[in-house]
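Structural features, examined
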Amino acid sequence: MPDLTFNFFQHWYPISPIEDLDPARPTSVVLLGQRVVVWQSRSSNRYCVFRDQCPHRLAPLGEGRVDEKTGHLMCSYHGWQFDAQGVCTQIPQAEDPDLVTKNREHYCVTALPTQEANGLLWVWLDADSAAIAHAQPLPLSPQIDASRGFVWSSMVRDLEYDWQTLVENVADPAHVPFAHHGVQGNRDRAKPLPLQIVESTQERIEAISEGGFKTHITFTPPCHLEYAISLGGDRQVGLVTYCIPVSPGKSRIVAQFPRNFAQQLHRWTPRWWNHLAVRNSVLDGDMILLHYQERELQQRSQTQSWKTAYKLPTSADRLVIEFRRWIDQ
Ligand code: FES
Ligand SMILES: [Fe+2]
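Residues numbered from 1 in each chain as written. Chains lettered and ligands numbered in written order. Predicted model: local features only at pLDDT ≥ 70, side-chain atom pairs only at ≥ 80, totals over all residues. Heavy atoms only, no water.

1. Focus on the coordination of the iron ion (ligand 2)
- All of the protein donors around the iron ion (ligand 2) are His-175 (NE2), His-180 (NE2), Asp-286 (OD) and Asp-286 (OD); their distances to the metal are 2.1 to 2.7 Å.
- Because the angles between the four donor atoms bound to the iron ion (ligand 2) fall within 52 to 127 degrees, the donor set is best described as irregular.
- All donors of the iron ion (ligand 2) come from a single chain, and their spacing in sequence reads H-x4-H-x105-D. The pair His-175 / His-180 is uniform in exposure class, with both members buried. (Donors = N, O, S within 2.8 Å, 3.2 Å for Na, K, Ca; no water. Tetrahedral: all angles 85-135°; square planar, octahedral: opposite > 155°, others 65-115°. Buried < 20%, exposed > 50% of the residue type's maximum accessible area, 1.4 Å probe, protein only.)

2. Notes on the side chain of Asp-162
- Structurally, Asp-162 can be placed in the loop between β11 (151–159) and α3 (163–170).
- Arg-324 provides the closest opposite charge to the buried, salt-bridge-free Asp-162, at an N-O distance of 7.3 Å.
- Those residues in contact with Asp-162, other than ones at most four positions away along the chain, are Ser-247, Pro-248, Gly-249, Lys-250, Ser-251 and Glu-294. (Helix = DSSP H or I, 4+ residues; strand = E, 2+ residues; numbered from the N terminus. Lys, Arg positive; Asp, Glu negative; His and termini not counted. Salt bridge = Lys/Arg side-chain N within 4 Å of Asp/Glu carboxyl O. Contact = heavy atoms within 4.5 Å.)

3. Focus on the packing of aromatic side chains
- One pass over the structure, following the stated rule, counts 13 aromatic pairs.
- For the pair Phe-8 and Trp-163, a centre-to-centre distance of 5.3 Å together with 90 degrees between the ring planes defines the contact as edge-to-face. Here Phe-8 is found in the segment before β1 (12–17), whereas its partner Trp-163 is found in helix α3, with 155 residues between them in sequence.
- Where Trp-163 meets Phe-323, the ring centres are 5.7 Å apart and the plane angle is 75 degrees; that geometry is what we call edge-to-face. (Phe/Tyr/Trp six-rings, centres within 6.5 Å; stacked < 30°, edge-to-face > 60°.)

4. Some thoughts on the state of the cysteines
- Scanning the entire structure with this criterion turns up zero disulfides.
- Cys-243 provides the cysteine sulfur closest to Cys-223, a residue in no disulfide bond, and the two sulfurs are 7.4 Å apart.
- Judged by its relative accessible area of 0%, Cys-243 is buried. (Disulfide = S-S within 2.5 Å.)

5. Section: the sheet that holds strand β12 (residues 195–200)
- Ordered in space as β11-β17-β16-β15-β14-β13-β12, the seven strands form an open sheet in which the pairing is antiparallel. Of all strands in the sheet, those with a lone pairing partner are β11 and β12, marking the two edges. Each adjacent strand pair in this sheet contributes to an overall mean axis angle of 15 degrees, direction not counted.
- Packed onto the sheet, α3 meets β11, β14 (214–220), β15 (224–232), β16 (235–247) and β17 (250–259) and runs at close to 165 degrees relative to β16. (Pairing = 2+ DSSP bridges. Axes fitted to C-alpha atoms, helices over the stretch in contact; angles between N-to-C directions.)

6. Points about the packing of α3 against helix α8 (residues 318–328)
- For the pair α3 and α8, the least separation of the axes is 9 Å and the interaxial angle reads 150 degrees. By the angle between their axes, α3 is roughly antiparallel relative to α8. Considering how the two elements wind past one another, α3 and α8 form a crossing that is right-handed. Mapping the contact onto sequence places Trp-163, Gln-164, Val-167 and Glu-168 in α3 and Val-320, Phe-323, Arg-324, Trp-326 and Ile-327 in α8. (Parallel < 35°, antiparallel > 145°, perpendicular 65-115°, else oblique. Left-handed = near helix turned anticlockwise from the far one by under 90°.)

Next comes the structure, spelled out in structure tokens:
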């Protein structure tokens, strides 16, 4: 029997593009129902991710501050301090000056494995399996590669629907001309969108679409879903998404938008312009559809499966089917 257990906690997830983090300010973030704090110590120049609970009396460290003198993370409640490894370095209330040095292990905050790569900060949410973490490669995109002529922009946004709904939506290119008419598609030019499944295993679902520009779509569970679209010649444009489970009914998208042409235009286009003109409008276009779709599917799941709740007669829905099967497994 194949081992079908899948541990969502033992995977790498990007928290955010690094350019959106503030090194001067600790920030609380929720992933997989866990609160973590992202912060940068003055000495390391690298982001640390800790469980967002102070070991003293469990106050959120995301409300804390980076101390000007020590560069360590200071809890805002009683001023305990922690270094980049999560080791307690100061207890202002200690009568015995050796209290901290003698009991370092005892007053640690849990530090999680992290990496910085492709402009993203990555975290592994299971502190007890750091060895597995470092042996497992990050789900990086081959399109985020300046040495191959690619340029890209990025964004992160929290969404008011579930991770399942987010993945299903990104795996469904057929909605683009309609839900994103006038922003990223045109409903008058919609046509059949045959999707051919090349591979569908527990580790990877891959599809090819040739109805238009040749497009490769790859899902690497649990979060990495990527499009690589050939525009003819060597020109390629991509959509790299990381779909993050936040909590039931909430998700986060971390996205990168690579292409290997019009590099100069990319340098002239401010990031906020892309966010205003396209990126947020695309996510807004789906929002109300997904919010109610998700509620409806959830209500029906008491009595029926997606197989009868949905009607999926065309090959445009093939990736949705493969993703739902993956969840069922
Ligand atoms: S709860 Fe953090 S110092 Fe008291
Ligand atoms: Fe969409």
